[in-house]
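For reference, the chains in residue letters:
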Amino acid sequence: DSGQERMAKGQTIGGVRLIRRLGAGGFARVYLGEHMTLKIQVAVKVLSPNTDSTTAVQRFIAEGNLLKKLQCPHIVHIYDVGEENGKHFMVMEYIDGWSAEELVNLTRQRGKVGLEQLSAIIVAEATAKGLAALHSADIIHRDLKPANIMIPKTISARAAATTPQCPGIPQELWFSKLIDLGV
């Protein structure tokens, strides 16, 4: 995994200058970066160099290419998929927020069982809408779990103006998004 470890702040891949590592999974790492053309923050998923399975690489590329075609507010947007210097990458929308798993853990730390019922229903509805969009495109989400549902910290004023107002319920929950399909 040494090739992956050398990806550091300031390095570029896929037209994105890396800022910091956000996390790592079984066969990829995710970085926060700035897209040098679009001038926006993005997330870059880089396949681990020790992923020698042709099938895994093909699935990674297929997932990115399938998601690039989908336009759904409840699925992370993919900007680009490619390979550079032997590293396969996917450039996607950066969601500054928490996963549903992190949110549930946070509420537990505060002495509650989990999300309030209405909050959980809102996240579940957004998740169901994302799944419906995937299924209508004949795509199956193979890794559905709370860690792969992101909830943004903030939403735009325009989005807030068109979102139902529920006392005590953060509007951001309506904008939950599916990530990492595990195709």
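Residues numbered from 1 in each chain as written. Predicted model: local features only at pLDDT ≥ 70, side-chain atom pairs only at ≥ 80, totals over all residues. Heavy atoms only, no water.

A.B. asks: I would appreciate a short explanation of the overall build of the protein chain in the present structure.
C.D. replies: Counting secondary structure elements, the protein chain contains five helices and nine strands. The secondary structure elements of the protein chain, listed N-terminal to C-terminal, are α-β-β-β-β-α-β-β-β-α-α-β-α-β. By the compact-globule yardstick of 16 Å for 183 residues, the protein chain fits well, its C-alpha radius of gyration being 17 Å. When each of the 183 residues of the protein chain is scored for burial, the buried share is 41%. Nonlocal contacts in the protein chain, meaning residues at least 24 apart in sequence, comprise 57% of its contacts between residues at least 6 apart. For the protein chain, the computed accessible surface area is about 10200 Å², with 52% contributed by carbon and sulfur atoms. (Helix = DSSP H or I, 4+ residues; strand = E, 2+ residues; numbered from the N terminus. Rg over C-alpha atoms; globule rule 2.2 N^0.38 Å. Buried < 20%, exposed > 50% of the residue type's maximum accessible area, 1.4 Å probe, protein only. Contact = heavy atoms within 4.5 Å. Areas by Shrake-Rupley, 256 points an atom, 1.4 Å probe, with all protein chains shown as cover.)

A.B. asks: Please clarify how the pairing of strand E3 (residues 28-35) should be interpreted in this entry.
C.D. replies: Residues in a regular strand point their side chains to alternate faces of the sheet. Within E3, six of the eight residues are buried, leaving the element largely enclosed by the surrounding structure. Where strand E2 (residues 16-24) lies against E3, seven bridges are found, and the strand directions are antiparallel. The residue bridging Ala24 from the neighbouring strand is Arg29, located in E3. The antiparallel hairpin formed by E2 and E3 contains three residues in its connecting segment. The hairpin formed by E3 and strand E4 (residues 41-47) contains five residues between the paired strands, and Lys39 there has a positive phi angle of roughly 60 degrees. (Pairing = 2+ DSSP bridges.)

A.B. asks: Help me understand the pattern of salt bridges, please; the structure alone is not making it clear to me.
C.D. replies: In a structure, side chains of opposite charge can pair up when their charged atoms sit close to one another. According to the stated counting rule, one finds five salt bridges in the structure shown. Ionic pairing is found between Asp96 and Lys153, a salt bridge with its closest N-O pair at 3.6 Å. With Asp96 in the loop between strand E6 (87-93) and strand E7 (97-99) and Lys153 in the loop between strand E8 (149-152) and helix H5 (157-161), the pair connects residues that are 57 residues apart, well separated along the chain. Overall, Asp96 belongs to the partly exposed group, its relative accessible area being 40%. On the basis of relative accessibility, which here comes to 38%, the residue Lys153 falls in the partly exposed class. (Salt bridge = Lys/Arg side-chain N within 4 Å of Asp/Glu carboxyl O.)

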